[in-house]
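Structural overview
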Amino acid sequence: MSEHLAQPDLRRPGDHPGTGADDVTVNRSGRSIAWQQWRRLLRHREVFLLGVLLPLLVFIFFVGYPIVYTIILSFSRWDGFSNIVTYVGLDNYRRLIADQDFWTALSNTVKWTVSSLVFTNVLAFLLAAILRSGYVYVAPLIRLCFFLPVTMSLVAIGLMFSFILTPAFGAVSIVAQVFGVSEPDLLGNPGLVLWTLIGVFGWSYIGIPLLLFDAGLTQIPEELYEAARLEGASGFQQMMLVTLPMLRPIFMVVTVLGVLEALRAFDLVLVMTRGGPGHASDTLGYFMWIQSFDERRFGYGAAISVVMLALSSVFALIYIRRAGRDALGGGG
Amino acid sequence: MCLVSQEYLAEAAVRVRSAVLKWHDTGRAGEPGQYGSRKIVALGAAALCAGLAIAAPFAAPALGAEVTLNVLDRATEPKQIAYIKWLVDTFNDQHKGAIHVDLNTIPDDDYHQKVSLVLKGSNPPDVFFSWEGGWADLMRRSGFAAPLDDYYKKYGWATRLTPAAVSLATLDGHQWFVPYYMSASVVWYNTGIFKKFDLQPPKTWSELEKVAAVLKANGIAPFLLANQQQWEAQFDWTAYFVNKNGGAAYQALLDRKLAWTDPRVVEAFARMKEMVDQNWFLTGVNSMDFDGTAIIFWKRQKAAMWYQGSFILAKFLGPDGKLQYPVDWFPYPSIGSTPPSVSVFAESTWMINKASQHKDEAAELLDYLVSKEAQSKMVASLGPFPANQTIDESGLPEPVRRLGNLIAHDGGYTWMHIDHALGPEIAEPFLEALQGVLAGTMKPEAAAAKTEQAAATVQ
């Protein structure tokens with residue numbers, strides 16, 4: 001795509017007639033296109049003020065400042081009450097590296113992220129494909145059922161599952177008794193608790209990837225399948241050679257959304273286990289909250305936030321680069 | 001500073017303005033070259049009005065105009081919210097024109113996190129809820145709590161409140177808060193189950209072991225422990241530690257004169273784990289929720305005893321103030337030669353903000369909080385136990401009255417559980433470690449070492 005085609009024309013009818021010619025001159029003299037754009041923008045004050053400066057100020061105030069403040073706070077010690085904030089250099093980060101609970105939380109977050117991605121993406125894709133296959137009569141109703149949990153608050157879901165999973169009289173326990181199996185303590189067993197939470201999270205989140213895959217499937221031209229069938233492709237080959245490549249952008253979106261959502265996992269942990277037993281179900285988000293607001297180590301909590309920010313940024317950057325390439329038609 | 005009320009100032013401004021205009025109309029009205037004097041005078045009067053209106057709010061309190069007190073309380077349950085609302089409304093009615101209380105609440109679970117923001121905000125409360133012990137000390141050290149020694153003398157709170165309440169409110173030789181809702185930790189037991197198996201409330205640890213054996217043999221868990229929120233198991237831990245090692249050892253632990261890695265501390269962790277392994281508790285101690293599901297197990301008679309604070313009576317008492325279940329209590333049994341002791345603590349207290357401009361009015365509110373009228377109403381509508389020791393509790397069920405009597409007149413040694421006694425920097429790691437021990441993910445030695453590490457950081 002030519003650079004000139006990509007430039008928005010900000011000239012107004014009343015602008016200096018020589019603007020275009022000047023641009024060419026400037027361009028020939030070696031000034032960058034970005035510089036030209038910047039000059040044009042400055043000439044249109046209202047666009048500059050409302051379209052650039054205002055959003056920039058809002059961003060700085062609501063996003064930039066908290067991030068910078070968190071980074072600064074991560075080099076200090078503060079209990080949240082006193083006015084004394086002590087600069088401690090890299091102490092919080094050193095402590096983070098030596099803190100076994102932090103590594104448990106990080107490891108749990110990675111487990112949560114990877115397994116919930118696999119669980120939700122694969123299952124959501126298969127469900128979307130089955131529901132679009134035409135063999136399911138009540139597909140819209142089933143789709144609605146899967147999407148309903150997305151509209152529920154995670155706190156409500158957490159409370160509901162706490163009751164369902166309670167030993168002795170929860171629904172799971174009753175089913176286990178019917179089959180003569182001993183009562184499972186899914187939230188009290190350190191080996192099971194994280195996977196139980198991941199399962200509940202997957203249940204509550206699957207509606208989003210399902211909806212996105214479903215929308216993606218409807219966008220694939222039928223002609224591609226017809227052409228594949230004419231070439232003798234089997235159903236499996238159609239899926240591998242047509243469906244999956246065509247859904248690649250959707251996979252990208254659901255993966256990044258899933259990663260960001262998993263990194264922020266907090267509500268379910270708070271309501272269902274409080275990170276316990278011990279630290280068996282701690283995630284980074286919950287660990288940060290406990291350190292900052294319960295144990296009143298705001299500097300240490302800020303250091304954990306910075307680690308989370310770094311992890312989120314990596315995924316966000318991958319997504320932005322990928323999305324930009326896809327928008328330019330770069331594909332893979 | 002002006003010493004007049006807002007209404008008076010407004011009225012005076014109007015009078016000045018009309019007098020000037022009158023003078024202007026009769027004397028010099030309409031004369032040319034007088035700088036449009038009518039306009040100037042009118043503008044001057046308007047400016048005077050504006051100036052007086054601005055000054056009035058600062059002047060108002062001096063002449064006894066109504067003072068507004070901001071109160072921040074924690075909201076625990078509907079009954080408690082209704083009671084505090086009643087308290088504020090009644091106080092406002094009784095102090096109409098003098099003091100008006102604006103009540104704000106934060107849910108119990110969020111209070112820890114949000115109170116610092118509110119106290120450091122632009123409109124901090126004059127009076128606010130505080131826990132006792134470590135939390136109260138944190139408030140004191142952070143400069144939020146005003147010392148109340150003078151008010152204790154002025155209102156005679158030291159004699160009106162129970163000895164335990166006064167002792168708990170005293171930190172570093174000064175009084176810092178007014179407790180109004182007291183609690184005591186005892187072993188609650190199902191009298192029906194005990195009667196069925198011909199059991200007597202145990203007085204010693206060996207008797208307790210025998211009772212536990214009988215209950216287990218009959219498919220009933222000796223104790224209920226709902227530790228999902230992590231604070232619950234510390235009740236059993238501290239009771240065991242204090243009754244085994246004595247109050248002096250416990251105090252030494254709190255004062256950092258005894259290390260958390262001391263064998264006695266490790267042994268208490270190990271004993272808790274042993275009790276789990278020997279099925280003294282129901283399955284799923286760490287997934288059972290105190291607020292939600294625990295009472296269902298109690299109601300279904302799955303467990304016979306529950307060591308908890310008397311605030312649990314909110315679950316046991318019906319709307320008519322009668323016990324809904326066959327319940328009585330006994331003190332935690334003595335272990336070895338150490339005499340048993342009961343933890344009596346302040347469940348709810350109010351502090352006056354050091355930055356408040358209305359400390360006298362705030363003290364008047366605190367005085368009403370522990371007055372006979374307010375505390376009687378609390379007993380009737382919220383439940384026992386008041387900090388005011390003169391309240392008539394004869395209408396309460398016998399076991400409750402007996403405990404109330406103990407709380408009101410127990411002048412002996414009392415102690416707080418860990419999360420009350422210590423600040424959150426040590427208490428939270430301790431609670432996490434204890435839960436880890438119960439779950440088997442942490443060894444008792446490691447739990448002790450972790451708590452010691454947290455305590456060392458604070459020092």
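Residues numbered from 1 in each chain as written. Chains lettered and ligands numbered in written order. Predicted model: local features only at pLDDT ≥ 70, side-chain atom pairs only at ≥ 80, totals over all residues. Heavy atoms only, no water.

1. A look at the overall build of chain A
A count of helices and strands for chain A gives 17 helices and two strands. The burial tally for chain A puts 40% of its 332 residues in the buried class. Nonlocal contacts in chain A, meaning residues at least 24 apart in sequence, comprise 63% of its contacts between residues at least 6 apart. When the accessible surface of chain A is summed, it comes to about 18,300 Å², and 70% of that surface belongs to carbon and sulfur atoms. (Helix = DSSP H or I, 4+ residues; strand = E, 2+ residues; numbered from the N terminus. Buried < 20%, exposed > 50% of the residue type's maximum accessible area, 1.4 Å probe, protein only. Contact = heavy atoms within 4.5 Å. Areas by Shrake-Rupley, 256 points an atom, 1.4 Å probe, with all protein chains shown as cover.)

2. Things to note about the pairing of strand β8 (residues 303–309) of chain B
Residues and elements named next belong to chain B. Most of β8 sits out of view: seven of its seven residues are buried. Where strand β6 (residues 178–190) meets β8, five bridges bridge the pair, whose relative direction is antiparallel. Paired with valine 186 across the bridge in β8 is glutamine 308. Taken together, the two bridges between strand β7 (residues 221–223) and β8 define a ladder with parallel strand orientation. Within the sheet, the bridge partner assigned to alanine 221 lies in β8 and is alanine 303. (Pairing = 2+ DSSP bridges.)

3. Some remarks on the interface of chain A and chain B
Contacts between the two partners involve 31 residues from chain A and, on the opposite side, 35 residues from chain B. The largest share of the area that chain A buries against chain B comes from A:Phe81, A:Phe169 and A:Arg274, three residues that together contribute 25% of it. Notably, a salt bridge pairs A:Asp101 with B:Lys450, separated by 2.8 Å at the nearest N-O pair. The tally of links from chain A across to chain B stands at 13 residue pairs in polar contact (both at pLDDT 80 or more). Those elements giving two or more residues to the side of chain A that touches chain B turn out to be α15 (267–272) and α16 (284–294) of chain A. In terms of residues, the side of chain A that touches chain B owes the most to one element, α16(A), which gives four residues. Here the residues of the side of chain A that touches chain B sort into 14 nonpolar, nine polar and eight charged. (Buried area = accessible area lost by both parts, 1.4 Å probe. Salt bridge = Lys/Arg side-chain N within 4 Å of Asp/Glu carboxyl O. Polar contact = N/O pair within 3.5 Å; in protein donor to acceptor, adjacent residues only side chain to side chain. Nonpolar A, V, L, I, M, F, W, Y, C, P; charged D, E, K, R; others polar.)

4. Thoughts on the pattern of salt bridges
Residue and element names in this part refer to chain B. Under the counting rule described, the total for this entry stands at 22 salt bridges over all chains. Its salt-bridge partner being arginine 264, residue aspartate 262 comes within 3.0 Å of it at the nearest N-O pair. Arginine 264 sits in the partly exposed class, given a relative accessible area of 34%. Residues joined in a network through salt bridges with shared partners are Asp137, Arg140, Arg141 and Asp172.

5. Points about the packing of helix α12 (residues 222–230) of chain A against helix α13 (residues 235–246) of chain A
Residues and elements named next belong to chain A. Contact pair α12 / α13: the axes reach a minimum separation of 10 Å and the direction vectors enclose 160 degrees. In terms of orientation, α12 lies roughly antiparallel with respect to α13. Read as a crossing pair, α12 and α13 show a hand that is right-handed. Two secondary-structure elements touch here, α12 through Leu224, Tyr225, Ala228 and Arg229 and α13 through Gln238, Val242, Thr243 and Met246. A class-by-class count of the residues in the contact of α12 with α13 yields five nonpolar, two polar and one charged. (Axes fitted to C-alpha atoms, helices over the stretch in contact; angles between N-to-C directions. Parallel < 35°, antiparallel > 145°, perpendicular 65-115°, else oblique. Left-handed = near helix turned anticlockwise from the far one by under 90°.)

6. A few points about the confidence of the model for chain A
All names here are of chain A. Of the residues in chain A, 89% have a pLDDT of 70 or more, and the chain-wide mean is 84. At the low end of the mean pLDDT range in chain A sits helix α1 (residues 3–6), at 43; at the high end sits helix α5 (residues 91–98), at 94. Contacts from residues 1–26, a stretch scored under 50 in pLDDT, to residues over four places away or in other chains number 22 contacts. (pLDDT = per-residue confidence, 0-100.)

7. Things to note about the pairing of strand β10 (residues 343–352) of chain B
Side chains on a regular strand alternate between the two faces of the sheet. All names here are of chain B. Where burial is concerned, most of β10 is hidden: ten out of the ten residues are buried. Bridge count between strand β3 (residues 127–130) and β10: four bridges; the pairing is antiparallel. The residue bridging serine 130 from the neighbouring strand is threonine 349, located in β10. Bridge count for β6 against β10 is seven bridges, and the pairing is antiparallel. Its bridge partner lying in β10, alanine 184 is registered against valine 344.

8. Quick look at the confidence of the model for chain B
All names here are of chain B. Per-residue pLDDT for chain B averages 86, and the proportion of residues at 70 or more is 85%. Low pLDDT (under 50) marks residues 56–62, which in the prediction has ten contacts with non-local residues, meaning those over four places away or in another chain. On the interface metric, ipTM, the complex scores 0.70, and its pTM is 0.75.

9. A few points about the side chain of A:Thr109
Along the polypeptide, A:Thr109 turns up in helix α6 (residues 100–132). At 2.9 Å, the side chain of A:Thr109 forms a polar contact with the backbone nitrogen of A:Leu284.

10. Quick notes on helix α21 (residues 444–458) of chain B
Taking 1.5 Å as the rise per residue, α21(B) with 15 residues should run 21 Å; its terminal C-alpha atoms sit 22 Å apart, in good agreement. Taken as a whole, α21(B) has its buried residues at B:Pro444, B:Ala447, B:Ala448, B:Lys450, B:Thr451, B:Glu452, B:Ala454 and B:Ala455. On its buried side, α21(B) packs onto α6 of chain A together with α13 (263–277) and α20 (424–439) of chain B. (Expected span 1.5 Å × (residues − 1).)

11. Regarding the packing of aromatic side chains
Per the counting criterion, the structure on display carries 55 aromatic pairs over all chains. With a centroid separation of 5.6 Å and 45 degrees between ring planes, the pair formed by A:Phe75 and A:Tyr93 is classed as tilted. Linking A:Phe75 in the loop between α4 (45–73) and β1 (76–77) with A:Tyr93 in helix α5, this pair joins segments that are 18 residues apart in sequence. Note on A:Tyr93: relative accessible area 17%, which makes it buried. Centre to centre, the rings of A:Phe125 and A:Phe213 are 5.7 Å apart; their planes meet at 75 degrees, and the pair counts as edge-to-face. With A:Phe125 in helix α6 and A:Phe213 in helix α11 (residues 207–219), the pair connects residues that are 88 residues apart, well separated along the chain. Judged by relative accessible area, A:Phe125 falls into the buried class, the value being 6%. For A:Phe213, a relative accessible area of 0% puts it in the buried group. Members of the aromatic cluster, each reached through a chain of ring pairs, are B:Trp188, B:Trp231, B:Phe235, B:Phe290, B:Trp298, B:Trp306, B:Phe311, B:Phe316, B:Tyr325 and B:Phe345. (Phe/Tyr/Trp six-rings, centres within 6.5 Å; stacked < 30°, edge-to-face > 60°.)

12. Looking at the packing of α6(A) against helix α7 (residues 139–151) of chain A
All names here are of chain A. One can describe the packing of α6 onto α7 by two numbers: an axis separation of 9 Å at closest approach and a directional angle of 160 degrees. One finds that α6 runs roughly antiparallel with respect to α7. For the pair α6 and α7, the crossing hand works out as left-handed. Note on element contacts: α7 touches α6 through Ala139, Ile142, Arg143 and Phe146, opposite Leu127, Leu131 and Arg132. Looking at the contact of α6 with α7 residue by residue, the class counts come to five nonpolar, no polar and two charged.

13. What about the nonpolar core?
In this structure, B:Trp237, B:Met305 and B:Trp350 are the most contacted members of the largest nonpolar core, which totals 155 residues. A per-element tally of this core places β6(B) first, with nine residues. Not counting the four nearest positions on each side in its chain, B:Met305 is found in contact with B:Val187, B:Trp188, B:Tyr189, B:Phe194, B:Leu208, B:Val211, B:Leu215, B:Pro222, B:Phe223, B:Leu224, B:Trp298 and B:Phe330. Grouped together as the second largest cluster of nonpolar side chains are 22 residues, A:Trp112, A:Leu194, A:Tyr205 and A:Ala262 included. (Core = buried A, V, L, I, M, F, W, Y, C linked by side-chain atoms within 4.5 Å.)

14. Some details on the environment of A:Trp103
Residues and elements named next belong to chain A. Residue position: tryptophan 103 is located in helix α6. Along the sequence, tryptophan 103 and glutamine 238 sit 135 residues apart, while their C-alpha atoms lie 43 Å from each other. Aside from chain neighbours lying at most four places away, what touches tryptophan 103 is Leu96 and Ile97.

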